[in-house]
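Each chain, letter by letter, is given below.
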Amino acid sequence: MLTGLYNHINGIENNFTRFPLDATSYAQLLREHGYRTGLFGKYHMTGTMIDRPGFDEAISFTGLGNYTNVVLYHNGLGQANTVWIDDITCINAMNFLEANQTNHFAMVVGFKSPHDPFVPPTRNANLYSGESIVTAPSYGKLAPYTTSQPTASSANKLNYFRC
């Protein structure tokens, strides 16, 4: 997504491949045209890469991250953090918005919470206690534009056309 190129062209075939520092990203192009660019939270590149090429301001963590006790890298400089990671991500993103009210800007915000392990912050641990999950009415039903469930052969045809 950062380069606008398919993975087989930009060379980043998975979340474990380092982002090439010489690659041109959309953030870099926007910066060159006067935009302020910011990235906050999850970067989606696992491992130890701390660089966030093309971003004026980047406050994120390496690897898959944890919910607490995370080292945050602010433009490459690490600092220990004990605040719930998505809270600090939100605070930093809001600060970026406040600081750029009169600027053209592009901002990426990546939250840890949609990724496992799915553990809520302590303050929300019992938020839905006593509640039960309601199954969506469409669960297990065909999409309205289909007439039958996909078969193994049709699934293979779909995989053939994936980029």
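Here the structure is a predicted model, which is why all the values come from computation and not from measurement. In every chain, residue numbers begin from 1 and rise along the written sequence. Note on the predicted model: pLDDT of at least 70 is required for a residue's local features to be given, and 80 or more for side-chain atom pairs to be given and counted; whole-chain, interface and lining totals, by contrast, use all residues. Side-chain metrics rest on all non-hydrogen atoms present in the structure, leaving aside hydrogens and water.

### Regarding the pattern of salt bridges
Only one rule defines a salt bridge in this text: a Lys or Arg side-chain nitrogen within 4 Å of an Asp or Glu carboxyl oxygen. Enumeration over the complete set of coordinates arrives at 3 salt bridges. Between R31 and D56 there is a salt bridge whose closest N-O contact spans 3.0 Å. In this pair, R31 is assigned in helix α2 (residues 26-32) and D56 in the loop between β1 (36-41) and β2 (57-60), connecting sequence segments 25 residues apart. Here D87 makes a salt bridge to R123, at a shortest N to O gap of 2.9 Å. Of this pair, D87 sits in helix α3 (residues 85-99) while R123 sits in the loop between β5 (105-110) and α4 (152-161), and the two are 36 residues apart along the sequence. Judged by its relative accessible area of 24%, D87 falls in the partly exposed class. Judged by relative accessible area, R123 falls into the exposed class, the value being 56%. One continuous salt-bridge network, built from bridges that share partners, spans R31, R36 and D56. Helical segments are the DSSP runs of H or I of at least four residues, strand segments are the runs of E of at least two, and each set is numbered from the N terminus. Only protein chains enter the area calculation, which uses a 1.4 Å probe; residues under 20% of their type maximum are buried, those over 50% are exposed, and those in between are partly exposed.

### Some thoughts on α3
Helical geometry: 3.6 residues make up each α-helical turn, so side chains three or four residues apart lie on a common side. For α3, built from 15 residues, the straight-helix expectation of 21 Å at 1.5 Å per residue is met to within 8% by its first-to-last C-alpha distance of 21 Å. Considered for burial, the residues of α3 that qualify are I85, D86, I88, T89, N92, A93 and F96. For α3, the angular spread of the buried residues around the axis is 160°, confining them to a single face. Of the surrounding elements, those touching the buried residues of α3 are β1, β2, β3 (70-74), β4 (77-81) and β5. To estimate the expected span of a helix, subtract one from its residue number and multiply by 1.5 Å. In this description, the arc belongs to the directions extending from the helix axis to the C-beta atoms. We call two residues in contact whenever any of their non-hydrogen atoms come within 4.5 Å of each other.

### Notes on the packing of aromatic side chains
Describing an aromatic ring pair means giving the distance of the ring centres and the angle of the ring planes. Here is the rule: rings of Phe, Tyr and Trp (six-membered ring for Trp) pair when centre to centre is within 6.5 Å. Planes less than 30 degrees apart are stacked, more than 60 are edge-to-face, and the remainder are tilted. Considering all chains together, one arrives at 3 aromatic pairs under this definition. Between the aromatic rings of F40 and F96, the centroid separation amounts to 5.4 Å while the plane-to-plane angle is 55°, which identifies the pairing as tilted. Residue F40 is found in strand β1, and its partner F96 is found in helix α3; the two are separated by 56 residues along the sequence. For the pair F40 and F96, one class covers both residues: buried. With 6.1 Å between their ring centres and 85° between their planes, F96 and F105 make a pair best called edge-to-face.

### Here's the deal with the side chain of N81
If you trace the backbone, N81 turns up in strand β4. Using a relative accessible area of 9% as the deciding quantity, one classes N81 as buried. Every residue in contact with N81, bar those within four places of it in the chain, is listed here: T68, N69, V70, L72 and I88.

### A word on a nonpolar patch on the surface
Taken together, the side chains of L5, Y6 and I9 present a nonpolar region at the surface, about 320 Å² in accessible area. Examined against the element boundaries, Y6 turns out to sit in the segment before α1 (7-10). A patch consists of residues exposed above 30% relative accessible area that lack any salt bridge, with like charges linked at up to 9 Å and nonpolar side chains (Val, Leu, Ile, Met, Phe, Trp, Tyr) linked at up to 5 Å. Computed with a 1.4 Å probe, the accessible areas rest on the Shrake-Rupley method; for each residue, only the protein chains presented here act as cover.

### Observations concerning the nonpolar core
Residues grouped as a nonpolar core are buried Ala, Val, Leu, Ile, Met, Phe, Trp, Tyr and Cys residues, joined through side-chain atoms within 4.5 Å. L2, I12, F19, A23, A27, L39, Y43, M45, M49, F55, A58 and V108 together form the largest nonpolar core, which totals 12 residues. In this structure I12 touches N7, T17, R18, F19, P20 and M45, once residues within four positions along its chain are discounted.

### Focus on the confidence of the model for the protein chain
Put simply, the protein chain has an average pLDDT of 84, and 89% of its residues get 70 or more. In the model of the protein chain, α4 stands out as the element of lowest mean pLDDT, 46, in contrast to α3, which has the highest, 96. Confidence of the predictor at the level of single residues is given by pLDDT, which spans 0 to 100. Note that residues 155-163 has pLDDT below 50 and, in this model, 1 contact with residues that lie over four places away or in other chains.

### Comments concerning the pairing of β2
Side-chain alternation along β2 places E57 and I59 on one buried face and A58 and S60 on a second face that is also buried. Between any two strands, pairing holds if DSSP finds at least two bridges. Bridging between β1 and β2 involves 4 bridges; their strand directions are parallel. Looking at β2, one finds that G41 is bridged to S60.

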